[in-house]
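Structural overview for review
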Amino acid sequence: GAGVSQTPSNKVTEKGKYVELRCDPISGHTALYWYRQSLGQGPEFLIYFQGTGAADDSGLPNDRFFAVRPEGSVSTLKIQRTERGDSAVYLCASSPDGNYGYTFGSGTRLTVV
Amino acid sequence: DQQVKQNSPSLSVQEGRISILNCDYTNSMFDYFLWYKKYPAEGPTFLISISSIKDKNEDGRFTVFLNKSAKHLSLHIVPSQPGDSAVYFCAIRGSGSARQLTFGSGTQLTVLP
C-alpha cells in the first residue's frame, strides 16, 4: 500500500481483556517498529522487527505485551490482561532498511475502561 | 531520566515570522538527530535530520542547528505559515543496531494568520 496502515483506528476494551492491534507496513519494507504514545508525551519505543524476527524487544513494558510478524510483513501487537495504564496511541512505523526516515501509521487509540 | 527534553510545551508565532523550537539532550551516544511533525489523528511525519558530525542542515524553510558542546538542538522555520501549526517532536537515534528513536515530549506550534 501507499502508507502504513493500522487497524483498528480506535479500540475500547474492558480492563482484563485481551486485544490485538494490527499493522500493515509499506510493501517491501523490512524494518518494522512499534511505539506507544501517552497523552502529552512523545512516542516511546516498544519493539523492532527486521524481517520476521524481533531484533529488539527491550521497550516492551512487561510480559503482557507481545508482538509477532510471522511472514515479515503484517505485524500484530498483542496485549493480555489489559490495564487502564495501557491506554495510549499505539504507533507502527516501517522503513526499507531500518534507517531513520521511517514512515509512521496513524496509530490505534486504545482505551481501557 | 529523560534523555531528550523539549521544555516548551507550546509556542505561538505570527505568520511570516521565524519559529524556533528547542530541544536538549543528555545522551551523547547517538548518530542522528531528527525532527518530526504531527497533525491531530495522524502519525508523526519526518521533517528534517542532522548527523552528529554536522552543526547545521537546511531544507527549504527548515533549518536544524546542533550545538554538541551545549547538547542542544534547534529547529528554525522561516517564514512560518499557518499550515506549519502542528506538534513538533525532536528525536535522537541511537547508534545501536535497532536504530530506535528516543523522542522528546513535543512542542505545539501555532502560527497565527
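This text gives an overview of the structure that appears in the document. (Residues numbered from 1 in each chain as written. Chains lettered and ligands numbered in written order. Predicted model: local features only at pLDDT ≥ 70, side-chain atom pairs only at ≥ 80, totals over all residues. Heavy atoms only, no water.)

1. What about the side chain of Arg69 of chain A?
All names here are of chain A. Position of Arg69 relative to the elements: it lies in the loop between β7 (65-68) and β8 (75-79). Despite its burial, Arg69 remains without a salt bridge, the nearest opposite charge being carried by Asp24 at 8.4 Å. From its side chain, Arg69 meets the backbone oxygen of Thr30 in a polar contact 2.6 Å long. Beyond its immediate chain neighbours, meaning those up to four positions away, Arg69 contacts Pro25, His29, Thr30, Ala31, Leu32, Phe49, Gln50, Gly51, Thr52, Val74 and Ser75. (Helix = DSSP H or I, 4+ residues; strand = E, 2+ residues; numbered from the N terminus. Buried < 20%, exposed > 50% of the residue type's maximum accessible area, 1.4 Å probe, protein only. Lys, Arg positive; Asp, Glu negative; His and termini not counted. Salt bridge = Lys/Arg side-chain N within 4 Å of Asp/Glu carboxyl O. Polar contact = N/O pair within 3.5 Å; in protein donor to acceptor, adjacent residues only side chain to side chain. Contact = heavy atoms within 4.5 Å.)

2. Observations regarding the nonpolar core
All names here are of chain B. Ranked by size, the top nonpolar core spans 23 residues in total, and within it Phe33, Trp35, Leu73, Leu75 and Tyr88 carry the most contacts. Among the secondary structure elements, those contributing two or more residues to this core are β3 (19-25), β4 (30-38), β5 (45-51), β7 (62-67), β8 (72-77), β9 (86-94) and β11 (107-112). Ranked by residues supplied to this core, first place goes to β9 with 4 residues. Excluding anything up to four places from it in sequence, Tyr88 contacts Gln6, Leu21, Trp35, Tyr36, Lys37, Leu47, Leu75, Ile77, Gly106, Thr107 and Leu109. (Core = buried A, V, L, I, M, F, W, Y, C linked by side-chain atoms within 4.5 Å.)

3. Some details on the environment of Ser80 of chain B
Residues and elements named next belong to chain B. Tracing the chain through its elements places Ser80 in the loop between β8 and β9. On a C-alpha basis, the gap between Ser80 and Gly106 in space is 18 Å, while along the polypeptide they are 26 residues apart. Contacts of Ser80, omitting those with residues within four sequence positions, involve Val13, Gln14, Glu15, Gly16, Arg17, Ile18, Ser19, Arg61 and Val111. A distance of 2.6 Å separates a polar atom in the side chain of Ser80 from a polar atom in the side chain of Ser19. Separated by 3.4 Å, the side chain of Ser80 and the backbone oxygen of Ile77 make a polar contact.

4. Examining the pairing of β7 of chain A
All names here are of chain A. Taking every second residue as pointing to the same face, the buried face of β7 carries Phe65 and Ala67, while none of Phe66 and Val68 on the other face is buried. Alignment of β7 against β8, held across 4 bridges, turns out to be antiparallel. Counted as the bridge partner of Phe66 is Lys78 from β8. Following β7, the chain reverses through 6 residues before pairing antiparallel with β8; Gly72 in that reversal takes a positive phi of roughly 80°. (Pairing = 2+ DSSP bridges.)

5. Quick notes on the sheet that holds β7 of chain B
Residues and elements named next belong to chain B. Reading across the sheet, the 5 strands line up as β1-β3-β8-β7-β6 and stay open at both edges, with antiparallel pairing between neighbours. The sheet is open, and its two edges are formed by β1 (4-5) and β6 (56-59), each paired on a single side. Here β1 pairs with β3 via 2 bridges, running antiparallel. Counted as the bridge partner of Val4 is Tyr25 from β3.

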